[in-house]
Amino acid sequence: MAKKVLTDAFIRAQRVEKRSEFSDTRETGLMLRVFPTGTKVFAFRMRGPDGRIQGTAIGSYPDMKLSEARERAADLRRRIKSGEDITAAAQKAAVAAAAEVQQGIPTLDEILAEYGAVMSTKRKTWQLSKTGRPSEAYHRIESVFGTHLATRITEITLADLVRSMTNYKPESGKATANGQVSRSRAYLMPVLDWCAHRNRFGKLGLGRPVIIDVADLRQTHDPAADDHSIKGARDRALDHIELGKILPLLKWPAPAELRMKADPEKDLRPIALRFLLLTCARREELVSMKWRDFRENSMVWHKPYVKTISGPPRQQSLPLSDAAVELLRSLPGFTTRNPGDLVFPNLGGGPLGNWTRITASVQRESGTAGWHRHDLRRTGATIMKLLGVAPRVIDEILAHNASNEDEGTSRALENYFGSQMLLEHVEDPQKAALDKLSAALDHIEKTARKDKKTSGKK
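Numbers given for residues are sequential positions, taken from 1 along each chain in its written order. Local features in this predicted model are restricted to residues whose pLDDT is 70 or higher, and side-chain atom pairs enter the listing and the counts only when it is 80 or higher, whereas totals over whole chains, interfaces and linings include all residues. Side-chain figures throughout are based on the complete set of non-hydrogen atoms in the structure, without hydrogens or water.

**Student:** Describe the sheet that holds strand β8 (residues 314–319), listing the residues and the values that go with them.
**Tutor:** Either a parallel or an antiparallel arrangement is found when strands of a sheet pair, and the pairing is made through backbone hydrogen bonds. Pairing in this open sheet of 3 strands is antiparallel, and the strands run β6-β7-β8 from one edge to the other. Where the open sheet ends on each side, the last strands, each with one partner, are β6 (294–295) and β8. In this scheme, strands are said to pair when DSSP sees at least two bridges between them. A run of H or I in DSSP counts as a helix once it spans at least four residues, and a run of E counts as a strand once it spans at least two, with each numbered from the N terminus. Bridge analysis of β6 against strand β7 (residues 300–306) gives 2 bridges, and the strand direction is antiparallel. If you follow Phe294 over to β7, its bridge partner there is Trp301.

**Student:** Tell me about the confidence of the model for the chain, residues and numbers included.
**Tutor:** A score from 0 to 100, pLDDT tells how confident the predictor is in each residue. When pLDDT is averaged along the chain, the result is 85; 86% of the residues meet or exceed 70. The contact criterion used throughout is that any non-hydrogen atoms of two residues lie within 4.5 Å. Across residues 402–411 the pLDDT falls below 50, and counting only partners more than four positions away or on other chains, this stretch makes 9 contacts in the model.

**Student:** Residues and numbers for the pairing of strand β4 (residues 40–47), please.
**Tutor:** Of all the 8 residues making up β4, 6 are buried; the element is thus mostly covered by neighbouring parts of the structure. Where strand β3 (residues 30–34) meets β4, 5 bridges bridge the pair, whose relative direction is antiparallel. Looking at β4, one finds that Met31 is bridged to Ala43. Where β3 folds back on β4, the antiparallel hairpin that results is connected by 5 residues, among which Gly38 adopts a positive phi of roughly 100°. Examined bridge by bridge, β4 and strand β5 (residues 53–61) share 8 bridges and lie antiparallel to one another. Looking at the pairing, Phe42 lines up with Gly59 of β5. The hairpin turn running from β4 into β5, its antiparallel successor, is 5 residues long, and Gly51 in that turn takes a positive phi close to 90°. Under the scheme applied here, a residue whose accessible area is under 20% of the maximum for its type counts as buried, over 50% as exposed, and between as partly exposed, the area being computed with a 1.4 Å probe on protein chains only.

**Student:** How would you explain helix α2 (residues 66–81) if you had to name every residue and give the values?
**Tutor:** To estimate the expected span of a helix, subtract one from its residue number and multiply by 1.5 Å. Over its 16 residues, α2 extends 23 Å from the first C-alpha to the last, a length consistent with the 22 Å expected when each residue adds 1.5 Å. Taken together, the buried positions of α2 are Leu66, Ala69, Arg70, Ala73, Ala74, Leu76, Arg77 and Ile80. The buried residues of α2 all sit within an arc of 165° when viewed along its axis, so they share a single face. Pointing more than 90 degrees away from the buried face of α2 are the exposed residues Glu71 and Arg78. Arc definition: it is the arc formed by the directions from the helix axis to the C-beta atoms.

Take a look at the structure:
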């Protein structure tokens, strides 16, 4: 270790290839440590009355001035001569400081609350339910990573997260837990990125106000990536034979052969499944549909909220086929409807439920299996594609298209397509596509009925 009279000019000029130390000849015990990275740190080292060498870091240059370092070194020298163990005191202070910092680190649960407050205005999945229950995203994360909610976010390692994903048990009736784990992982990943200012939160102002170094879930494997059972389920579409068996059951009043507990005159679930098929809508869109959303004059279903593949949620005005409009007019609540009433209510007037039960009953009586409510949406899109409908039009019906801002057009377009005057002179391509779909379904149903009568005569 070289001995030098430390000056500001000398300290600023130091550039080293390996860690170097310089002892100040003016203040006994004061040292300057210089690192290849350019970091320069004042330190103190001195032998005490008992013969043991004691030492501690003092501060970084230039945050700490040379004059302050000399004053600090003089004070430490006096303390050593008085018999104090400054090394032990420094270690104790470091532990206390670390504990104080750690107390300020939020838990995973607190981070989810912070992120949810920011994202609830942008993503419906982060909004509380109408009854005040946790959001869909929180519920998913809790189901897989719930054991870490009370843990400080910096203490959760990748190994901890992988262990939670591996040990998660599938919900009752599920073949594997890969789908649930994959979704929970997808919801938690941006939360951690937001904390650490990674990926899409890397730009200034997008991440958490105070950055926290946390685990990166992208370094873990997505269990759904190579699960062929999940991929296969997502590609499911019903063929014409299956539809010919199912369609006669999708009507109101509910067919007696379905043997449902509800009064057939009040059970709207079968006819609701037909409406899903006619409109290619999502179940949650149908469940929340109110009569005010049905613009009868223009034959448009206005959806206040629809999911999109990317970007924030938006609205959609879907032109309905003639068959879909006639279905709505045939419902028991049509003539007595109020704007705020649900179009497809349950027996008590609330949101329609028990979808698993009605699906199982339809499958039982039709002799079909392996399809889900969402597959009706995919089936409708598949039929339109086979009928030659442009992919862009199908995407618009499914609400997969980009926002108006991305397309360089105006939101006023939705008002144009909601105009009765325009619809009288120009056929909306979405309505034309859905009319083709309803005609195809009608043909399938009539053909199946005819074939059934023919086979019965034989």
